[in-house]
Amino acid sequence: MTAPTAPAAATREAYPVALSELVEQGIDVVALDADLSASTMGYQFGEKYPERWHSVGIAEANMVGIGAGYAATGKTAFIASFASFLPGRCFDQIRTSVAQPKGGLNVNCVASHGGVTVGEDGASAQAIEDLALMTSLIPFDVIVPADFESARQAIIAVGKTTRPSYVRTGRPKVAAIYDRSFRFEIGRANVLRPGSDVTLIACGILVGIALDAAAQLAADGISARVIDMATIKPIDRDAVLAAARETGAIVTAEEHQTHGGLGTQVARVLAETLPTPVAFVGVDRYGTSGKWDELLGYFELTPGRLAAAAKDAIARKR
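**What to know about the sheet that holds strand 12 (residues 278–281)**
Okay, step 1: An order of 7-9-8-11-12 is seen for the 5 strands of this open sheet, with the pairing classed as mixed. At either margin of the open sheet sits one strand with a lone partner, and together these are strand 7 (190–193) and strand 12. Strand-to-strand twist in this sheet, taken as the mean axis angle between neighbours without regard to direction, amounts to 25°.
Okay, step 2: Of the pairings in the sheet, the one linking strand 7 to strand 9 (residues 224–228) comprises 3 bridges and is antiparallel in character. By the bridge assignment for strand 9, Arg193 is matched with Val226.
Okay, step 3: Where helix 9 (residues 237–247) meets the sheet, its contacts fall on strand 8 (198–202), strand 9 and strand 11 (250–253), and the angle it forms with strand 9 comes to roughly 175°.

Pasting the structure below:
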C-alpha cells in the first residue's frame, strides 16, 4: 500500500458515494433517513436516485420497520441516523423486526456521529453504548471503519451480503490511512505496522491514534504492532491470536465503552484460546460538549494513554 494522498474526510461522507456505487453495480438498494440526512449525508444519494431514497421524519423506529419491509420483498435496505438514535432509540425494533425474522433480514444500519467526536452536541448525543447493543444481536455484522476509503469499501461490502449489518461512521474529517489499492473484507483485520513487543488493536478514529502511539513507543525502544480491527463482529480471531503469540501483550483502543465493544470481543477470543495480558482503552464515563479534538484529550483517547497502556500490558507478560 502506497502512502495515501487523499485529503482528510469524514467517514460519513463515504455513505452516499458507496450507495451510488452499489446501484451502479446492479444492487437493488433502497435507503431511508429519519430527518438527519444532511448529517448522515444520505440526502446526496437521494438527489441522485430520488426513487430509491425516502425521509421518514423524526421516526427512527418506524424507519426500522419500513426498512425491514423493503428487505422482506428482496430489496437491499439501508437505514441511517445518528448512533445515539440508531440503535439508541430503536433497539427493540431492530431486534424484533430485523435480527429475529428468517435469521436476519437484509437491513444495513449506517449510524453516523458515533462516539464522543460528535463534539458540541454533548453527552446525550455521544454514543458510547452502540457497539455493545449491536454486537449482542446474533446475525449482525458490526463494523467501525477508520477513514473514508475503508468506510466506502465497508458499506459496499455489507451491501453485497444478505446479512444485516451495522456500520458506524463519524463526524470529523480524519486523515486518510488507505488508498484505492486497499481491499476491505468483512471479518478481516489489517496490520498497519509490524511489531514484536506489544500489539495495539484499534478501530475507527483510534486507528490513527494507535499509529501515533506506536511511533512514541518506538522512540522508547518498544516495537508495537498496529492492527486496524474494523470488523468488531465477526472478529478476526486469527489476527488476534497471532498478535498474542508473537507479541505477548495487547492493547485495545476504541471510541466506546470498554464494555461490550472491541475490547470485549478481543478478550473473549483470548480467554477461550490463549490468555494474554490486555489493557483496555475506551470511554467509561459520560461526556460533555466541546470540540471533537479537544474531547479526545478530555477522554484521554490519546497516543500517550495508549503508549502507557502498552507499557502496562508488557509489564504483565509472564
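**Focus: helix 5 (residues 91–99)**
Each full turn of the α-helix corresponds to 3.6 residues, which orients residues three or four apart in the same direction.
Okay, step 1: Taken residue by residue, helix 5 has Ile94, Val98 and Ala99 as its buried positions. End-on view of helix 5: buried residues confined to an arc of 75°, all on one side of the axis.
Okay, step 2: Looking at the buried residues of helix 5, the elements they touch are helix 4 (60–72), strand 4 (107–112) and helix 6 (130–135).

**Details of the pairing of strand 3 (residues 76–82)**
Okay, step 1: Taking burial as the measure, the 7 residues of strand 3 include 7 buried ones, the bulk of the element.
Okay, step 2: One ladder, built from 6 bridges, connects strand 3 with strand 4; its direction is parallel. Residue pairing across strands places Ala80 opposite Val110, the latter belonging to strand 4.
Okay, step 3: In this fold, strand 3 hands off to helix 5, which returns the chain to strand 4; that crossover is right-handed.

**Looking at the nonpolar core**
Okay, step 1: Ranked by size, the top nonpolar core spans 59 residues in total, and within it Phe78, Leu200 and Val251 carry the most contacts.
Okay, step 2: Counting 45 residues, the second largest nonpolar core, distinct from the first, contains Val64, Ala83, Cys109 and Leu131.

**Digging into the packing of aromatic side chains**
Okay, step 1: Per the stated rule, a full pass over the model turns up 5 aromatic pairs.
Okay, step 2: Pairing Tyr178 with Phe182 gives two aromatic rings, centres 3.9 Å apart and planes at 20°, and the pair type is stacked.
Okay, step 3: Given the relative accessible area of 2%, Tyr178 is considered buried.
Okay, step 4: For Phe182, a relative accessible area of 10% gives the class buried.
Okay, step 5: Note that Arg89 overlies the ring of Phe85, its terminal NZ or CZ placed 4.3 Å from the centroid.
Okay, step 6: The residue whose ring lies beneath Arg285 is Tyr298, and the NZ or CZ to ring-centre distance is 4.6 Å.

The rules behind each value
Residues numbered from 1 in each chain as written. Predicted model: local features only at pLDDT ≥ 70, side-chain atom pairs only at ≥ 80, totals over all residues. Heavy atoms only, no water. Pairing = 2+ DSSP bridges. Helix = DSSP H or I, 4+ residues; strand = E, 2+ residues; numbered from the N terminus. Axes fitted to C-alpha atoms, helices over the stretch in contact; angles between N-to-C directions. Contact = heavy atoms within 4.5 Å. Buried < 20%, exposed > 50% of the residue type's maximum accessible area, 1.4 Å probe, protein only. Arc of directions from axis to C-beta. Right-handed = clockwise from strand over helix to strand, strands pointing away. Core = buried A, V, L, I, M, F, W, Y, C linked by side-chain atoms within 4.5 Å. Phe/Tyr/Trp six-rings, centres within 6.5 Å; stacked < 30°, edge-to-face > 60°. Lys NZ or Arg CZ within 6 Å of the ring centre and 35° of its normal.

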